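# Notes for the structure review
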Amino acid sequence: MKIFLDTANLESIKKFNDMGLLDGITTNPSLLSKEGGNPKDAMAEITKIIKGDVSLEVVSTEYSGMMEEGKRLREYGDNVIVKVPMTPDGLKACKSLSSEGIPVNVTLIFSPNQALLAAKSGAKYVSPFIGRLDDIGQDGMHLIKEIKEIFSNYNFGTKILVASIRHPIHVIDAAKIGADVVTLPPVVLDKMLQHPLTKIGLENFLTDWEKLKAVNPDIKI
Ligand code: E4P
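Cut-offs used in this document
- Residues numbered from 1 in each chain as written.
- Predicted model: local features only at pLDDT ≥ 70, side-chain atom pairs only at ≥ 80, totals over all residues.
- Heavy atoms only, no water.
- Core = buried A, V, L, I, M, F, W, Y, C linked by side-chain atoms within 4.5 Å.
- Buried < 20%, exposed > 50% of the residue type's maximum accessible area, 1.4 Å probe, protein only.
- Helix = DSSP H or I, 4+ residues; strand = E, 2+ residues; numbered from the N terminus.
- Contact = heavy atoms within 4.5 Å.
- Near = heavy atom within 4 Å.
- Polar contact = N/O pair within 3.5 Å; in protein donor to acceptor, adjacent residues only side chain to side chain.
- Areas by Shrake-Rupley, 256 points an atom, 1.4 Å probe, with all protein chains shown as cover.
- Nonpolar A, V, L, I, M, F, W, Y, C, P; charged D, E, K, R; others polar.
- Phe/Tyr/Trp six-rings, centres within 6.5 Å; stacked < 30°, edge-to-face > 60°.

## Considering the nonpolar core
- Formed by 54 residues in total, the largest nonpolar core has its most connected members in Val106 and Val162.
- Counting residues per element, this core draws most heavily on helix α8 (residues 140-154), which supplies 5 residues.
- Here valine 162 is in contact with Pro128, Ile130, Ile144, Ala174, Ala179, Val181, Val182 and Thr183, once residues within four sequence places are set aside.
- Membership of the second largest hydrophobic core comes to 5 residues, among which are Ile81, Tyr125, Leu161 and Val181.

Next up, the structure:
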């Protein structure tokens, strides 16, 4: 399963990228807005730092605007995936951009039928938002199971990019289902690294090493 970071925060991107954990990045207008500053600089910097797929989203809501923006976004780099919303115009743009060799991520997917249509329009990725479904009392992870089953029935090349992830259990469940990608807010990736027994275990190892050093002052590993 690939891990993308769901952020436009350069510090977090550099931190996790240096750890070798990142296969890609997803952004959206809200994430860019949260960082402030000039979004064009942020998009240019992210596509430079990350070698894998970077999703950058259009803000036009009609076909020709999406096409123009998609092509402009693609100028940031060959690793740019154009993100379009799950709307009739979005699907039309997905079809056209994909047939011109520009990969597309169809975002704001909340039903298996939407995922099926996005796949048929040639999307490289579909982004089902599981946390937002959980928020309204629906089972977000069930949607991932359904999309997985449908895509395997027809051998669609489209990848399932699980989005709107809220906590590490979402990641485990998505991995058990066999989702292709999870996109994680930095706080969730941070939590995945931690375990209290790892912390306690390391403290004990270091304390015991200090005891050895007390009787072997010149010892070094
Ligand atoms: C995905 O591409 C979206 O940017 C994101 O996962 C949405 O998450 P949210 O529901 O936490 O805003």
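Having put the structure on the table, let's press on.
## Some points on the site of the ligand
- Around the ligand, the neighbouring residues are Asp6, Thr26, Asn28, Leu31, Lys83, Phe129, Arg132, Ala163, Ser164 and Arg166.
- Contacts to the ligand include arginine 132, whose side-chain N or O atom sits 2.7 Å from an oxygen atom.
- At 2.7 Å, a side-chain N or O of serine 164 approaches an oxygen atom of the ligand.
- Burial of the ligand by the protein amounts to 84% of the accessible area it has alone, namely 350 Å².
- Counted by class, the shell around the ligand contains 3 nonpolar, 3 polar and 4 charged residues.

## With respect to the packing of aromatic side chains
- Here the structure, examined in full by the defined rule, presents 4 aromatic pairs.
- Summarising the aromatic geometry, the rings of phenylalanine 151 and phenylalanine 156 are spaced 5.5 Å apart at their centres and angled 75° between planes, so their arrangement reads as edge-to-face.
- For phenylalanine 151, a relative accessible area of 5% puts it in the buried group.
- By relative accessible area, which is 23% here, phenylalanine 156 ends up partly exposed.
- Here the aromatic residues Phe151, Tyr154 and Phe156 are joined through ring pairs into a cluster of three or more.

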